[in-house]
Amino acid sequence: MAKDEKHLTIRLRGIKKLYQVGDQEVAALNGIDLDIHSGEFAALMGPSGSGKSTLMNILGCLDRPTVGSYQLDGQEVAHLGDDALAATRNKKIGFVFQNFNLLSRISALENVALPLVYAGVGRRERMERAMHFLDAVGLGDRADHQPNELSGGQRQRVAIARALVNDPHIIMADEPTGNLDTKSTKEIMEIFEGMHEKGRTIILVTHEPEIAACASRQLLVRDGVITRDEGKGVVMDVV
Amino acid sequence: MLFSESFRMAITALMANKLRSLLTMLGIIIGVGAVIAMVSVGMGVRSNVQTSIASLGSNMLIVSPGSETRGGPRGAAGSMTTLKYEDAVAIKEKIKNIDYVSPTVSSSYQVVNGNQNWRSTVSGVTPEFMMIRSLEVSTGSFVSKGDMDKRQRVAVLGSTVVENLFGAENPVGKNIRINSQPFKVIGVLQSKGQSSMGQDQDDMVYIPLTTAQERMQGITYVQSINVQVSDAERMDQVQGDIESLLRQRHHIAKGKEDDFNVRNLTSIMETMNQTTGMITILLGSIAGISLVVGGIGIMNIMMVSVTERTREIGIRKALGATFFNIMTQFLIESVVIGVIGGLIGIGLGCACSWLIAKFGNFNTVITFLPILVSFVFSVGIGLFFGIYPARKAAKLDPIEALRYE
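Parameters at a glance
Residues numbered from 1 in each chain as written. Chains lettered and ligands numbered in written order. Predicted model: local features only at pLDDT ≥ 70, side-chain atom pairs only at ≥ 80, totals over all residues. Heavy atoms only, no water. Helix = DSSP H or I, 4+ residues; strand = E, 2+ residues; numbered from the N terminus. Rg over C-alpha atoms; globule rule 2.2 N^0.38 Å. Buried < 20%, exposed > 50% of the residue type's maximum accessible area, 1.4 Å probe, protein only. Contact = heavy atoms within 4.5 Å. Lys, Arg positive; Asp, Glu negative; His and termini not counted. Charge placed at Lys NZ, Arg CZ, Asp CG, Glu CD. Buried area = accessible area lost by both parts, 1.4 Å probe. Salt bridge = Lys/Arg side-chain N within 4 Å of Asp/Glu carboxyl O. Polar contact = N/O pair within 3.5 Å; in protein donor to acceptor, adjacent residues only side chain to side chain. Nonpolar A, V, L, I, M, F, W, Y, C, P; charged D, E, K, R; others polar.

Novice: Explanation requested: the overall build of chain A in the structure shown.
Specialist: Counting secondary structure elements, chain A contains seven helices and ten strands. In summary, chain A has a C-alpha radius of gyration of 18 Å against a globular reference of 18 Å for 239 residues, a match within 12%. Dimensions along the principal axes, computed over C-alpha positions, put chain A at roughly 50 × 45 × 40 Å. Put simply, chain A has 239 residues, and 53% of those count as buried. Once local pairs closer than 6 in sequence are excluded, the contacts in chain A between residues at least 24 apart make up 67%. Positive and negative charge centroids in chain A, built from 28 and 33 side chains respectively, lie 3 Å apart.

If you want it as structure tokens, here you go:
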């Protein structure tokens with residue numbers, strides 16, 4: 001790789017995740033080595049049960065590997081405690097989920113501002129920043145709406161604004177277009193491409209080859225290992 | 001994360017389920033209300049008893065003769081004949097901080113008016129007796145100094161005696177016979193009702209002490225000396241003074257037993273206070289049980305709430321909430337239930353106790369302490385029963401929680 005070491009955002013070495021099923025040990029991840037550089041747009045593909053969700057959880061600091069090393073911005077996070085992991089998620093990672101995962105009882109604006117609550121930002125600044133990002137995804141006029149008053153595409157845009165609000169290095173998107181129609185899918189993918197152009201690192205899990213084709217790099221996970229690593233434009237067959 | 005933010009979240013969550021929050025609070029409301037109402041009833045009983053004991057005569061010391069000890073079987077208390085009228089005079093003259101001294105003798109006689117007769121307690125008293133017992137004359141007058149000096153055959157009747165001998169007639173100026181001796185009725189007392197010990201305080205006939213001693217019983221001693229002390233603080237001191245004065249007057253050598261007893265009503269008052277205190281504690285703790293039951297209700301609802309909001313907890317954790325953040329959020333929720341429930345309960349308890357006083361014709365006393373205690377207790381219950389569900393919420397694995405449907 002031509003890029004400098006210090007731009008290496010994610011560095012996985014020998015990552016294994018083992019589960020105890022009865023008296024048998026099952027490996028969901030079986031030795032993953034992966035480097036993702038700052039500003040990369042990587043698509044993670046693979047059939048169900050391939051281990052891509054487990055990999056995503058570990059990359060997103062929601063879970064810890066059983067063995068192996070995970071360096072995020074040069075800092076080892078594989079064995080951090082719960083609170084340190086929570087702080088890492090809060091500051092460095094923005095999540096976008098397939099089913100949006102917005103809190104239903106509070107407004108779009110308050111949903112966007114939620115990560116800032118846990119970052120300890122004061123109320124006024126929180127609302128200003130949340131409004132800014134809600135404007136950026138074109139939903140400034142829907143700030144007071146509750147999630148159930150918004151369409152699927154709008155909800156996902158609220159979720160993206162929420163992922164961006166604390167200015168994280170990395171955006172993790174788990175099937176962000178899985179529940180959306182074609183038009184909304186197009187809008188959402190345009191937002192991701194826009195973020196990529198602005199230099200954010202994006203990791204996107206999908207099993208739709210045409211979505212993955214938008215990414216600058218495509219990774220295929222199968223049986224707990226990365227089997228293919230391709231550049232932009234190649235359409236990989238998941239199955 | 002700021003505390004105010006956790007507080008806002010808790011209020012939002014409680015408002016989202018208004019009916020459920022209210023029903024959860026109801027346990028605490030009823031608990032706190034019951035404690036306050038029950039304790040106020042208990043305190044009411046206590047103050048009633050205190051008033052009725054005070055009506056016996058406040059700050060009273062009673063000097064009575066000791067029992068006969070010389071030879072043979074020991075007589076009953078009061079069987080000695082050494083206590084004299086002169087002792088009472090000496091107490092009044094030589095001891096400070098005394099308002100009134102009244103020596104008495106009493107015995108039971110048949111009292112007759114025409115064809116009506118009634119057995120009653122006939123007491124020989126001095127004029128001071130009226131002040132000591134807070135007696136009031138409704139018609140006529142009480143025994144006077146002149147009546148004493150002349151050993152007059154005059155009598156003052158209690159209202160029960162009047163009722164039984166005269167009916168509706170005015171007895172003042174009429175003649176009656178006590179133990180076959182003619183007496184002139186000079187006054188009727190205002191009714192004092194029953195004492196707290198169940199005695200009829202109106203079934204009494206009062207005659208001059210000298211008349212009772214010399215014309216009725218043929219004795220020279222007195223059966224008791226009532227002393228009213230001017231200040232409750234000085235009861236013990238005055239009691240000591242009386243004891244040493246009487247020992248001196250009766251020539252009792254050091255180390256020998258007294259031939260008299262000095263008792264005071266404070267000990268009766270203390271016993272009564274203890275009893276009513278027990279009643280208050282009993283009522284309060286029965287009500288307290290409902291407070292604990294209310295706490296279990298909080299725990300139950302919080303457990304349901306945690307399960308229901310598993311996904312919310314997962315989202316919050318994914319966005320960076322720590323164990324402490326989630327714990328605080330849920331704990332504040334249950335404490336808020338305790339606080340609001342406690343406040344409403346205080347209102348309800350005070351209202352109940354007011355209603356009991358108004359419509360139950362029963363004295364209730366609301367004091368600050370039970371209000372404070374039950375409020376602190378309800379907040380504590382919210383906290384205590386909130387800890388387990390809050391911990392459960394905070395310990396959820398974010399991946400599991402996000403996957404929860």
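Having put the structure on the table, let's press on.
Novice: How should the side chain of Asn-90 of chain A be read in this particular structure?
Specialist: By the element assignment, Asn-90 of chain A lies in helix H2 (residues 82-92). According to the relative accessible area criterion, Asn-90 of chain A is buried, its value standing at 3%. Other than its neighbours up to four places away in sequence, Asn-90 of chain A contacts Pro-115, Tyr-118, Ala-119 and Asn-166 of chain A together with Leu-319 and Gly-320 of chain B.

Novice: Explanation requested: the interface of chain B and chain A in the structure shown.
Specialist: Reports of interface size often rely on the accessible area that becomes lost once the parts have come together. Across the boundary between the two partners, chain B contributes 26 residues, which contact 23 residues of chain A. Of the roughly 2100 Å² buried where chain B meets chain A, counting both sides, 60% is carbon and sulfur surface. Here chain B and chain A share three salt bridges between them. Its salt-bridge partner being Glu-312 of chain B, residue Arg-105 of chain A comes within 3.2 Å of it at the nearest N-O pair. Scanning the region where chain B abuts chain A turns up eight residue pairs in polar contact (both at pLDDT 80 or more). Listing elements by their share of the side of chain B that touches chain A, those giving two or more residues are helix H1 (3-16), helix H10 (310-318), helix H11 (323-359) and helix H13 (398-403) of chain B. Its residues assigned to classes, the side of chain B that touches chain A shows twelve nonpolar, five polar and nine charged.

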